[in-house]
Amino acid sequence: MSGWNQLDTGAFESMIAETVTIKGYNGDTINAYFARPTGPGPYAGVVLVHHMPGWDEFYRETARRYAQHGYLTLCPDLYHRFGHGSPDDVTATSRAAGGPSDDQVVGDLSATKDYLRSLPNCNGKIGIMGTCSGGRYSFLTACRTPDFDAVVDCWGGAVVMTPEQLNAQRPVAPIDYTKDLKAPLLGLFGNDDQGPSPDQVNQHEEELKKHGKNYDFHRYDGAGHAFIYYHAPAYRQQQAMDAWGKIFTFFEKNLQS
């Protein structure tokens, strides 16, 4: 299955979706939501990076969407160490503590990638995708972990950072790692967004050009932050579905060929 709604109505379809545990940063055991087709494959893998609102229902649905399209999809709980409860409550606890450190997130996501690549029905190719802070983490992790095969950054804020925004948890702006990016990058942004703003997206693009990186940025008029979230006022149907089409095409090209 490739693009949106291109399924074969006569084909048998089956998936498993469940919570599993993996070893993350510093050897810590964390929860992850694992959705995958049940066939022998081989299948490409997707590390799915949840947004700042947390390890929530939207991201479980997104994991199942990728599984339906033929990907082994693993979404780790980056807030696991802050305790458990409703996504809103855990996110509030995370924010009060300053959130996870960049080193911890990169460690968790790199471990997620290694878990997927070790599976016998994985084809060895792994992509990473996230929205909002998850887009930032996807880009950051791909720069600091060189063996990803494709990266999707959906409106990742704080890729460009001022010196005043740096701290012990986030000591280096992701844009400063651009030179280390090895994987092709797809970036999707709303022109009405302010985090990242169009100017920040321009800065990001200039840095990618400067270092000769393989990237493709798409900017949507009439869309702001979070425009694919069908459950939120920010949702923009036309732009969201166009973005999903671009994501599936990009992953098919870089992970399934």
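Structure first, text after, so check above.
Remember, predicted model here, so these are calculated numbers, not experimental data. (Residues numbered from 1 in each chain as written. Predicted model: local features only at pLDDT ≥ 70, side-chain atom pairs only at ≥ 80, totals over all residues. Heavy atoms only, no water.)

Moving on to the sheet that holds strand β1 (residues 15–23). The strand order across the open sheet built from eight strands is β1-β2-β4-β3-β5-β6-β7-β8, with neighbouring strands paired in mixed fashion. Strand pairing shows two members of the sheet lacking a second neighbour, β1 and β8 (215–220), which therefore form its edges. The mean inter-strand angle of the sheet, taken between neighbouring strand axes irrespective of direction, is 20 degrees. Two elements, β1 and strand β2 (residues 29–37), share nine bridges in a ladder whose sense is antiparallel. (Pairing = 2+ DSSP bridges. Helix = DSSP H or I, 4+ residues; strand = E, 2+ residues; numbered from the N terminus. Axes fitted to C-alpha atoms, helices over the stretch in contact; angles between N-to-C directions.)

Two strands pair when backbone bridges link them, and strand β7 (residues 185–190) and β8 are joined in this way by six bridges, in the parallel orientation. Paired with Leu186 across the two strands is Asp216, which belongs to β8. Crossover handedness for the path β7 to helix α5 (residues 198–210) to β8: right-handed. (Right-handed = clockwise from strand over helix to strand, strands pointing away.)

On to the side chain of Ser110. Counting through the fold element by element, Ser110 comes out in helix α3 (residues 102–117). Other than its neighbours up to four places away in sequence, Ser110 contacts Thr141 and Thr145. (Contact = heavy atoms within 4.5 Å.)

This next bit is on the environment of Pro40. Along the chain, the position of Pro40 falls in the loop between β2 and β3 (43–49). The class for Pro40 is exposed, based on a relative accessible area of 74%. The sequence separation of Pro40 and Ser94 amounts to 54 residues, and the corresponding C-alpha distance is 38 Å. (Buried < 20%, exposed > 50% of the residue type's maximum accessible area, 1.4 Å probe, protein only.)

Moving on, we come to the side chain of Lys113. Among the secondary structure elements, Lys113 is positioned in helix α3. Within the structure, the side chain of Lys113 is placed 2.6 Å from the side chain of Asp147, a separation counted as a polar contact. Once residues within four sequence positions are removed from consideration, Lys113 is found in contact with Val47, Ile126, Thr145, Asp147 and Phe148. (Polar contact = N/O pair within 3.5 Å; in protein donor to acceptor, adjacent residues only side chain to side chain.)

With that settled, consider the packing of helix α1 (residues 57–68) against helix α6 (residues 237–256). Between α1 and α6, the shortest axis-to-axis distance is 12 Å and the interhelical angle comes to 50 degrees. Here α1 is positioned oblique relative to α6, judged by the angle of their axes. α1 and α6 meet at a crossing whose hand is right-handed. Counted together, Thr62, Arg65 and Tyr66 of α1 and Trp244, Ile247, Phe248 and Phe251 of α6 form the full contact between these two elements. (Parallel < 35°, antiparallel > 145°, perpendicular 65-115°, else oblique. Left-handed = near helix turned anticlockwise from the far one by under 90°.)

Applying the stated criterion across every chain yields a total of 17 aromatic pairs. With centroids separated by 6.0 Å and ring planes inclined at 75 degrees, the aromatic side chains of Tyr66 and Phe248 adopt a geometry described as edge-to-face. Taken as a pair, Tyr66 in helix α1 and Phe248 in helix α6 lie far apart in primary sequence, 182 residues in all. Phe248 matches Tyr66 in its accessibility class, with the two residues each being buried. Each member of the aromatic cluster is reached from another via a ring pair, and the members are Phe58, Tyr59, Trp155, Tyr220, Phe227, Tyr229 and Tyr230. When the ring centre of Phe148 is taken as origin, the NZ or CZ atom of Lys113, which lies over that ring, is 5.5 Å away. (Phe/Tyr/Trp six-rings, centres within 6.5 Å; stacked < 30°, edge-to-face > 60°. Lys NZ or Arg CZ within 6 Å of the ring centre and 35° of its normal.)

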